[in-house]
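Structural features, examined
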Amino acid sequence: MANNVRPETMERITTQELAQAFIDEQITALRKQIGTKKVLLALSGGVDSSVVAALLIKAVGKQLVCVHVNHGLLRKGEPEQVIKVFRDEMNANLIYVDAVDRFLDKLAGVAEPEMKRKVIGAEFIRVFEEEARKLDGIEFLAQGTIYPDILESGPVKAHHNVGGLPEDLKFELVEPLKFLFKDEVRVVGKTLGLPDNMVYRQPFPGPGLGVRCTGAITRDRLEAVRESDAIVRDEFANAGLASKVWQYFTIVPDYKSTGVKDGKRSYEWPVVLRAVNTKDAMSATIEEIPYDVLKKITSRIITEVKGVNRVLYDITPKPTGTIEWE
Ligand code: XMP
């Protein structure tokens, strides 16, 4: 059994110097563990898996095989950024799997939130398993497990492990970040040269935009979630709010209301804006967004996003509302 308790002597990684020392130490340890064998990593593009990838690329180069599964529920520009950063800039061995149709076909008509999560999780394992079977000589599976995942103290339902793989695909685990807290992972990521918008990005749930397109997901409504989310991120960045607000995003519920567009009556979806601050995601407060920022976001969403005629701002704290809508 691997030791899963952070050594008491381990210093908190607060500076790039300390991060560099951690990186050097890990490179030596990873080379020793992996030797000349191959390692597989499910690279979502989130902070943890990206930092693991960057670290392993430094340690074992092309012996690392990254699999990026695009399940169609990622934010705008994310798959492209993973390819740019890892394949183009870091010269990684990256397999990009376009599984959008597979996931959306499986999710068609599935309205119950926990069932949606199950379908997404199960399909992810299936796609990853298929890719793993195509590869020869993989002996290790790298994971972006961090210390809060081990402590299980956080309510953030992290989706780090590819647990659920069949018995014959049980690889030896490589978990170089397992004693780090999130802020330490970010310093390590920054020191490894990952872009700020990858290292400092807000938490994003495993089932992605799927839980923000409430009820049964349809492609057009999912696009409305993706496009409105991109506008909110853009305007939060313009207003200097991106690093001040813990999580901010949009939801597009599965119902419509009447409106007027181009002099004609419309019957379209509302977009709900959510922006919360929290320490541990157990409770959350509402960030007071300046009115002109709200007006700008609303104006852009109702003119740029197809199928939308209204924007609402959810000012419900947690409790009683959860952060996500489902
Ligand atoms: P709630 O909605 O429960 O969310 O207040 C608390 C935090 O957890 C995230 N969240 C998830 N993360 N898989 C994840 O990886 C999930 O199924 C999931 N559901 C919620 C949510 O984004 C928030 O940060």
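A brief look at the structure comes next.

The rules we used
Residues numbered from 1 in each chain as written. Predicted model: local features only at pLDDT ≥ 70, side-chain atom pairs only at ≥ 80, totals over all residues. Heavy atoms only, no water. Helix = DSSP H or I, 4+ residues; strand = E, 2+ residues; numbered from the N terminus. Contact = heavy atoms within 4.5 Å. Axes fitted to C-alpha atoms, helices over the stretch in contact; angles between N-to-C directions. Left-handed = near helix turned anticlockwise from the far one by under 90°. Nonpolar A, V, L, I, M, F, W, Y, C, P; charged D, E, K, R; others polar. Salt bridge = Lys/Arg side-chain N within 4 Å of Asp/Glu carboxyl O. Buried < 20%, exposed > 50% of the residue type's maximum accessible area, 1.4 Å probe, protein only. Arc of directions from axis to C-beta.

A word on the environment of Ile-27
- Position of Ile-27 relative to the elements: it lies in helix α1 (residues 16-34).
- Counting along the chain gives 31 residues from Ile-27 to Lys-58, while the straight-line C-alpha distance between them is 7.1 Å.
- With residues near it in sequence (within four places) discarded, Ile-27 still touches Lys-58 and Ala-59.

Thoughts on the packing of α1 against helix α2 (residues 47-60)
- Contact pair α1 / α2: the axes reach a minimum separation of 9 Å and the direction vectors enclose 65°. Where α1 crosses over α2, the handedness of that crossing is right-handed. On the side of α1, the interface is formed by Phe-22, Ile-23, Gln-26, Ile-27, Leu-30, Arg-31 and Ile-34, while α2 contributes Leu-55, Leu-56, Lys-58, Ala-59 and Val-60.
- Considered class by class, the residues forming the contact of α1 with α2 number nine nonpolar, one polar and two charged.

What about the pattern of salt bridges?
- Applying the stated rule across the entire model yields 29 salt bridges.
- Among the salt bridges present, the one from Glu-139 reaches Lys-37, with a minimum N-O distance of 3.8 Å. Residue Glu-139 is found in strand β4 (residues 138-142), and its partner Lys-37 is found in the loop between α1 and β1 (38-42); the two are separated by 102 residues along the sequence.
- Residue class for Glu-139 comes out partly exposed when judged on its relative accessible area of 38%.
- Classification of Lys-37 as partly exposed rests on a relative accessible area of 34%.

Concerning the packing of helix α4 (residues 100-107) against helix α5 (residues 113-134)
- Interhelical geometry of α4 versus α5 gives an angle of 145° and a closest axis separation of 10 Å. The two elements α4 and α5 meet at a crossing, and its hand is right-handed. Contacts between α4 and α5 involve Arg-102, Phe-103, Lys-106 and Leu-107 on the former and, on the latter, Lys-116, Val-119, Ile-120, Glu-123, Phe-124, Arg-126, Val-127 and Glu-130.

Let's talk about α4
- Along α4, the residues classified as buried are Val-100, Phe-103, Leu-104 and Leu-107. Taken around the axis of α4, the buried residues stretch over an arc of 95°, which confines them to a single face.
- Looking at the buried residues of α4, the elements they touch are β2 (64-70), β3 (93-98), α5 and α9 (219-238).
- Note on α4: the residue one or two positions beyond its end, Gly-109, has a positive phi of about 80°.

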